[in-house]
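Report on the structure
Okay, here's what each chain looks like letter by letter:
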Amino acid sequence: MLPFGFDNTYVRDLPGCYRPCLPAGAPAPRLLFLNQPLADELGLDLGALSSADAAALFAGNALPEGAEPIAQAYAGHQFGGFSPQLGDGRALLLGEVIDRSGHRRDIAFKGSGRTPFSRGGDGKAAVGPMLREVLIGEAMHALGIPTTRALAVVATGEPVFREQPLPGAVLTRVAASHLRVGTFEYFAARGEREKLHQLAAYALARHDPQRLAAPGRALALLQAVAERQATLVAQWLNVGFIHGVMNTDNMAISGETIDYGPCAFLEAYDPAAVFSSIDHGGRYAYANQPHIARWNLARLAESLLPLMAEADDEPALQRAVAQVTMVIDAFPARCAAALLQGQRAKLGLLAAQAADDEADTTLADDWLALLHTQAVDFTLAWRRLADAAEGDEQPLRALFAAPEALAAWLQRWHARCQRDDAAGGPGAAERAARMRRVSPWIIARNHRVEEALAAASDEDDLGPFQHLLAALRRPYDETPALARYAEPAPAELTACYRTFCGT
Ligand code: AMP
Ligand code: MG
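Residues numbered from 1 in each chain as written. Chains lettered and ligands numbered in written order. Predicted model: local features only at pLDDT ≥ 70, side-chain atom pairs only at ≥ 80, totals over all residues. Heavy atoms only, no water.

1. Overview of the overall build of the protein chain
Of regular secondary structure, the protein chain possesses 18 helices and twelve strands. In terms of C-alpha radius of gyration, the protein chain reaches 23 Å, essentially the compact-globule figure of 23 Å for 503 residues. In terms of overall dimensions, the protein chain has a C-alpha envelope of 65 × 65 × 40 Å along the principal axes. For the protein chain, with 503 residues in total, the buried portion stands at 55%. Intrachain contacts of the protein chain at a sequence separation of at least 6 include 72% that bridge at least 24 residues. (Helix = DSSP H or I, 4+ residues; strand = E, 2+ residues; numbered from the N terminus. Rg over C-alpha atoms; globule rule 2.2 N^0.38 Å. Buried < 20%, exposed > 50% of the residue type's maximum accessible area, 1.4 Å probe, protein only. Contact = heavy atoms within 4.5 Å.)

This is the structure we're talking about:
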């Protein structure tokens, strides 16, 4: 069997934080997807495996040498309400490997059967949602956004029962780690201070070894998570991504996007956009994501407080609360700064002095307000702005129902670009080229994703999935042959589009 070269620190260092558990296995495994570029990154020689052996391996029928499958314990705030015991109900961590760049990566199954944390669930997953995780994860990766990634998907050959029977699947997921805010909440809620302490030390050693020497480790961890999450959420906003279910159990300590359930990309720009079928209050709406990340950070901070002060030491506790509050209160500005940095690049502006922040923020906000008022496609608008940088405003105007409203804004923007150029800036052609490197032409559009998943799940036809995947892996190339992937969905379709969790 394939030598993964497992080195399983979670199992070794954190006894009591998981339960050993074996995958259920599949009656008739069939390989649907294998991520060759990722396998290469991991140093896995999958070419040596027959398709049948790969299917058996990634179905959990034949465990690779050195795998120590476990279900991780975690809790989580779901839509604001606390669930003290969630955990891997349909996932198993197989082990950890060191990739070619020296980074430790988790290899985990999703949909591999019941675990001690399954509660009423069947522990299974269906082909459609697992291939969806492949598509969106690879799209995010190609956009340069930190994300867990799919290594393989196997059809199990048995049905899973949702509203109707669906073909079952197991996904193999690769992550920087599967530590979540909810992992800390689990032990904090149980008053297990020693476990919390071990977890915090483990998380720092794994993700922030340079901070291990910091005097206040818990605070250092909170700070690191806040920094990563601010950058991540800003990147989401700048590509129009809506995670859809940012519960604390779906927010990774590593700063990777994790748990692709009801996520979607914006079409027409709308800060209030929600696609998730269960998000009635818009808690996880597009523009609410920075607020929710901050809310989740506050839950992490509460969980870490027991490490910062003894419960009966009131002055120490007050000091600790003041320290974590500073980190949490600084989050909105941190996220806004990361957002502005990304927006400047998308606007073709040079990194500016702090004195320009307010004016540049207004310039970006006014642009977005124009897109909002006229329901303009977010992705195409940014892309066509690059054409306007080179003097061709027509393709941009064509996206607006009332293009006159654009003129005044374009004038301000051109003036700001000229100011950069007067100070040695890149000039029109280079500016446009740079803009096209940060604003994608192709995103995972909902209608294309659904089309590909329906063909795979209902017709057993992987062609549309493979073509879409190939397009998503080259998001910045404007290749005419791929034009169908760049086209917005009909507005009626987007208006009724709903995504689902836990499917
Ligand atoms: P998610 O919505 O996928 O983030 O999952 C939330 C929680 O429900 C996690 O604890 C999952 O492990 C659990 N869960 C979701 N689907 C299933 C399932 N089919 N069987 C068992 N547990 C599940
Ligand atoms: Mg989850």
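2. A few points about the packing of aromatic side chains
Each pair of aromatic rings is reported with the distance of its centres and the angle of its planes. This model, assessed by the stated rule, comprises 17 aromatic pairs. Arranged with centres 5.4 Å apart and planes meeting at 65 degrees, the rings of Trp236 and Phe241 form a pair that is edge-to-face. In terms of burial, Trp236 and Phe241 fall into one category: buried. For the pair Phe241 and Phe265, a centre-to-centre distance of 5.4 Å together with 65 degrees between the ring planes defines the contact as edge-to-face. On the criterion of sequence distance, the pair formed by Phe241 in strand 11 (residues 241-242) and Phe265 in strand 12 (residues 264-265) is long-range, its members being 24 residues apart. Residue classification places Phe265 among the buried positions, given a relative accessible area of 0%. By the ring-pair criterion, three or more aromatic residues cluster together here, those being Tyr269, Tyr286, Trp367, Phe378, Trp382, Trp409 and Trp413. (Phe/Tyr/Trp six-rings, centres within 6.5 Å; stacked < 30°, edge-to-face > 60°.)

3. Here's the deal with unusual backbone geometry
With glycine set apart, most residues show a phi of negative sign, and most peptide bonds adopt trans. At Asp259, a position not held by glycine, the phi torsion is positive, near 65 degrees. Classification of Asp259 by relative accessible area gives buried; the value is 14%.

4. Some points on the site of ligand 1
As a matter of local geometry, ligand 1 sits amid 17 residues, with Gly87, Gly89, Asp122, Gly123 and Asn250 nearest to it. In the environment of ligand 1, an oxygen atom lies 3.1 Å from a nitrogen or oxygen atom belonging to the side chain of Arg119. Note that an oxygen atom of ligand 1 is positioned 3.1 Å from one of the side-chain N or O atoms of Asn250. Contact with the protein chains removes 85% of the 480 Å² of surface that ligand 1 exposes when unbound. (Near = heavy atom within 4 Å. Polar contact = N/O pair within 3.5 Å; in protein donor to acceptor, adjacent residues only side chain to side chain. Areas by Shrake-Rupley, 256 points an atom, 1.4 Å probe, with all protein chains shown as cover.)

5. Section: the pattern of salt bridges
When charged atoms on two side chains of opposite charge get close, those side chains can pair. Overall, the coordinates contain 46 salt bridges when judged by the stated rule. Within the structure, one salt-bridge network assembled from shared partners comprises Glu41, Asp99, Arg105, Glu138, Arg149 and Arg473. (Salt bridge = Lys/Arg side-chain N within 4 Å of Asp/Glu carboxyl O.)

6. A few points about the coordination of the magnesium ion (ligand 2)
In the first shell of the magnesium ion (ligand 2), the protein supplies Asn250 (OD1) and Asp259 (OD), at 1.9 to 2.1 Å from the metal. The same class applies to Asn250 and to Asp259, which are both buried. (Donors = N, O, S within 2.8 Å, 3.2 Å for Na, K, Ca; no water.)

7. Description of the packing of helix 4 (residues 127-142) against helix 15 (residues 446-458)
At their nearest, the axes of helix 4 and helix 15 sit 9 Å apart, and the two run at 140 degrees to each other. Considered as vectors, helix 4 and helix 15 are oriented oblique to each other. Helix-helix and strand crossings are classified by hand; for helix 4 and helix 15 the assignment is right-handed. In contact with Val127, Gly128, Leu131, Arg132, Leu135 and Ile136 of helix 4, helix 15 contributes Val449, Glu450, Leu453, Ala456 and Ser457. Tallied by class, residues from the contact of helix 4 with helix 15 come to seven nonpolar, two polar and two charged. (Axes fitted to C-alpha atoms, helices over the stretch in contact; angles between N-to-C directions. Parallel < 35°, antiparallel > 145°, perpendicular 65-115°, else oblique. Left-handed = near helix turned anticlockwise from the far one by under 90°. Nonpolar A, V, L, I, M, F, W, Y, C, P; charged D, E, K, R; others polar.)

8. Topic: the side chain of Gln72
Position of Gln72 relative to the elements: it lies in strand 3 (residues 70-72). With residues up to four places along the chain from it excluded, the contact list for Gln72 reads Tyr10, Cys17, Tyr18, Gly87, Asp88, Leu93, Phe117 and His178.

9. Side note on helix 7 (residues 217-239)
With 23 residues, helix 7 ought to run about 33 Å at 1.5 Å a step, and its terminal C-alpha atoms sit 33 Å apart, in line with that. Phi turns positive one or two residues past the end of helix 7, at Gly240, with a value near 75 degrees. (Expected span 1.5 Å × (residues − 1).)

10. Description of the pairing of strand 7 (residues 104-110)
When you tally the buried positions in strand 7, you get six out of seven residues, the bulk of the element. Note: strand 6 (residues 91-98) against strand 7, seven bridges, orientation antiparallel. Residue Leu92 lies in a different strand from strand 7, and its bridge partner there is Phe109. The hairpin turn running from strand 6 into strand 7, its antiparallel successor, is five residues long, and Gly102 in that turn takes a positive phi close to 90 degrees. Both strand 7 and strand 10 (residues 165-175) contribute to a ladder of five bridges, which runs antiparallel. (Pairing = 2+ DSSP bridges.)

11. Looking at the domain arrangement of the protein chain
For the protein chain, the assigned domains read domain 1 (9-178), domain 2 (188-344) and domain 3 (350-488). Centre-to-centre separation of domain 1 and domain 2, based on C-alpha positions: 23 Å. Taken residue by residue, the interface counts 38 residues in domain 1 and 33 residues in domain 2. Our enumeration of links across domain 1 and domain 2 arrives at three salt bridges. (Domains from an automatic or database assignment.)

12. Thoughts on the nonpolar core
Taken as a class, soluble globular proteins show a tendency for nonpolar side chains to be buried jointly. Membership of the largest hydrophobic core comes to 129 residues, with the highest contact counts inside it found for Tyr10, Leu131, Phe184, Trp367, Leu385 and Trp413. No other element matches the eleven residues that helix 7 contributes to this core. Setting aside chain neighbours within four positions, we find Leu385 in contact with Lys346, Leu347, Trp367, Leu396, Trp409, Leu410, Trp413 and Met435. If you look at the next biggest cluster of nonpolar residues, it comprises 23 residues, including Ala67, Phe109, Ala152 and Val174. (Core = buried A, V, L, I, M, F, W, Y, C linked by side-chain atoms within 4.5 Å.)

13. Some thoughts on the environment of Val449
Positionally, Val449 belongs in helix 15. Taking the C-alpha atoms as reference, Val449 lies 9.0 Å from Pro464; in sequence the two are 15 residues apart. Excluding anything up to four places from it in sequence, Val449 contacts Arg132, Leu135, Ile136, Ala444 and Leu468.

14. Some thoughts on helix 6 (residues 193-207)
Between its first and last C-alpha, helix 6 extends 21 Å over 15 residues, near the 21 Å set by a 1.5 Å rise per residue. Buried residues of helix 6: Lys195, Leu196, Leu199, Ala200, Tyr202, Ala203, Leu204, Arg206 and His207, and no others.

15. Digging into the pairing of strand 10
A large share of strand 10 lies buried, amounting to eight of its eleven residues. Pairing of strand 8 (residues 125-126) with strand 10 involves two bridges; the strand directions are antiparallel. Each residue of the ladder has a partner; that of Ala125, found in strand 10, is Ala169. Connecting the antiparallel pair strand 9 (residues 149-161) and strand 10 is a turn made up of three residues.

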